[in-house]
Amino acid sequence: MANRAQIRTSSSALIAMIADEDTITGFLLAGVGNVDLRRKTNYLIVDSKTTVKQIEDAFKEFTTREDIAIVLISQYVANMVRFLVDSYNKPIPAILEIPSKDHPYDPAHDSVLSRVKYLFSTESVASGRR
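The following refers to the structure shown. (Residues numbered from 1 in each chain as written. Predicted model: local features only at pLDDT ≥ 70, side-chain atom pairs only at ≥ 80, totals over all residues. Heavy atoms only, no water.)

1. Structural notes on helix 1 (residues 21-29)
Here comes step 1: Here helix 1 starts with a cap whose side-chain oxygen sits 3.3 Å from the backbone nitrogen of Asp22, and that cap is Asp20.
Here comes step 2: Remark: Gly31 follows helix 1 within two positions and exhibits a positive phi of approximately 95°. (Polar contact = N/O pair within 3.5 Å; in protein donor to acceptor, adjacent residues only side chain to side chain. Helix = DSSP H or I, 4+ residues; strand = E, 2+ residues; numbered from the N terminus.)

2. Focus: the sheet that holds strand 1 (residues 14-19)
Here comes step 1: Pairing within the open sheet is parallel, and its four strands lie in the order 2-1-3-4. The sheet terminates laterally at strand 2 (43-45) and strand 4 (94-98), the two strands that pair on one side only. When strand polarity is set aside, the average angle formed by the axes of neighbouring strands in this sheet is 20°.
Here comes step 2: By the bridge criterion, five bridges tie strand 3 (residues 68-74) to strand 4 in an arrangement that is parallel. Opposite Leu72, over in strand 4, you have Leu96 as the bridge partner.
Here comes step 3: Lying over the sheet, helix 1 contacts strand 1, strand 2, strand 3 and strand 4, oriented at roughly 160° with respect to strand 1.
Here comes step 4: Packing against the sheet, helix 2 (residues 52-64) makes contact with strand 1, strand 2, strand 3 and strand 4, and its axis sits at approximately 170° to strand 1. (Pairing = 2+ DSSP bridges. Axes fitted to C-alpha atoms, helices over the stretch in contact; angles between N-to-C directions. Contact = heavy atoms within 4.5 Å.)

The following block contains the structure:
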């Protein structure tokens, strides 16, 4: 248990978001938004003017911050930085791909689902079941 990643309990852990404006607005209305003393937010609104570099930087920032437990990223945005999402392998913060209203969810591109399928296929081969 000593090697397990731990979420800080002295303060609450945050959910970070990288998504389109409508998705971010919905989560902000639900109370997920946060702005710290340095004026840093826990979200990035992706629109037509947002560069891939900005998305990469936000993803790297959110996955290295100690106060974030989950990163929600719209699947179409995750596809723009797929190499980062697929290479990320830490349990905390967890990366979850979500659909947006303009881009339907495609399970074939979901990194979490593909890892689960891989694990189950490996286990079934190892145990002799298919």
